[in-house]
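Descriptive analysis of the structure
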Amino acid sequence: MAEPQSLDVPASGYLVVRASGAAAARAAILGGRKDPEDVQLLLRCPVPRAVAESGAKLTFADATLHLQPSGVVMLTVAAAKLSISFAELRPLMFRPVEVDAPLRSLFAGAVAHVVAAGPRLDPHGLAHHLLGLAELVLRSALRVELDRVDALAARRREALEYMRAHLGEQSLSADKIAEALYISRRRLYQLFDDGQGVSERLKGLRVDRAKALLADPAKAGRGIAEIARDCGFTSAPHFSRTFRQATGRTPREFRERALRG
């Protein structure tokens, strides 16, 4: 499924949670001291035919339901009324989060009933109903997202452990790591989407091992070329260039300074 292109119009199957207002959004992203007054949930789902063309906006105490003709429903609730703190919601904020079909169906049904029966129901009761709906969606999405993050962290640790165990192999590559973990190359790159990437992470691990070997007095008799091979570098010159780029010193200079210290 394609990733959503906008936080205002989430793609089908995705939820976007955000703070209301530009100032509140900045505080939420930058970790401001004051929590926003309102939290907004945006989810694309079927809307009643009566509002499919013109849209609708229903306002209650501590909750507002805004249905857009595009099929996006925006539910705004008072942050202070939620039992989940804003700090706990941060993993969901300002990024598309996939929502499974049962939860989307429940949300769409609840919205349709509020629109259809709202004028004949107590507004304060409806406000509590919408707050409860927001709680259900937020808690469900947060649980799934935290589970996903935990799973990603576990797979990332497995990948790093494999890298460390096979650093001495010059043939070690993203393809080989992915094959060993029974995942696709694309999935492997998703585990390291923090800007450093797989190859840079691998190079960093090799440099770290080289630093440890060069600084070890018990390994002082080993040549630079031998250490380069042990760390998986293709040649001593390649090792020296990479090591100097990472540390600002040649391997020999690093060793001399480390052993003197």
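For the structure itself, look to the data block above.
Everything in this summary refers to the structure shown in the same document. (Residues numbered from 1 in each chain as written. Predicted model: local features only at pLDDT ≥ 70, side-chain atom pairs only at ≥ 80, totals over all residues. Heavy atoms only, no water.)

Focus: the side chain of T242
Examined against the element boundaries, T242 turns out to sit in helix 9 (residues 236–247). Relative accessible area serves as the criterion here: at 7%, T242 is assigned to the buried category. Each residue touching T242, except ones within four places of it in the same chain, is listed here: K203, V207 and F233. (Helix = DSSP H or I, 4+ residues; strand = E, 2+ residues; numbered from the N terminus. Buried < 20%, exposed > 50% of the residue type's maximum accessible area, 1.4 Å probe, protein only. Contact = heavy atoms within 4.5 Å.)

Comments concerning the pairing of strand 4 (residues 63–67)
Judged by how many residues are buried, strand 4 sits mostly within the fold: 4 of 5 residues are covered. With 5 bridges connecting them, strand 3 (residues 56–60) and strand 4 associate as antiparallel partners. Looking at the pairing, T59 lines up with T64 of strand 4. The antiparallel pairing of strand 3 with strand 4 creates a hairpin that spans 2 residues between the two strands, and D62 there sits at a positive phi of about 65°. Alignment of strand 4 against strand 5 (residues 72–78), held across 5 bridges, turns out to be antiparallel. Bridge pairing in strand 5 places H66 opposite M74. Adjacent in sequence and paired antiparallel, strand 4 and strand 5 are bridged by 4 residues, among which G71 carries a positive phi angle near 100°. (Pairing = 2+ DSSP bridges.)

Some details on the packing of helix 4 (residues 123–165) against helix 5 (residues 174–181)
Look at helix 4 against helix 5: their axes get within 10 Å of each other, and the N-to-C directions meet at 120°. Relative to helix 5, helix 4 is oriented oblique. Both helix 4 and helix 5 take part in a crossing whose hand is right-handed. Contacts from R155, E158, A159, Y162 and M163 in helix 4 reach K176, I177, A180 and L181 in helix 5. In the contact of helix 4 with helix 5, the residues fall into 6 nonpolar, no polar and 3 charged. (Axes fitted to C-alpha atoms, helices over the stretch in contact; angles between N-to-C directions. Parallel < 35°, antiparallel > 145°, perpendicular 65-115°, else oblique. Left-handed = near helix turned anticlockwise from the far one by under 90°. Nonpolar A, V, L, I, M, F, W, Y, C, P; charged D, E, K, R; others polar.)

Focus: the side chain of T64
Mapped onto the elements of the fold, T64 is located in strand 4. Taking relative accessible area as the criterion, T64 reaches 18% and is therefore assigned buried.

Observations regarding helix 4
Every α-helical turn comprises 3.6 residues, leaving residues that sit three or four positions apart pointing alike. The end-to-end C-alpha distance of helix 4 is 63 Å, a good match for the 63 Å that 43 residues give at a rise of 1.5 Å each. Of the residues that open helix 4, the one with a side-chain oxygen 3.2 Å from the backbone nitrogen of H124 is D122. (Expected span 1.5 Å × (residues − 1). Polar contact = N/O pair within 3.5 Å; in protein donor to acceptor, adjacent residues only side chain to side chain.)

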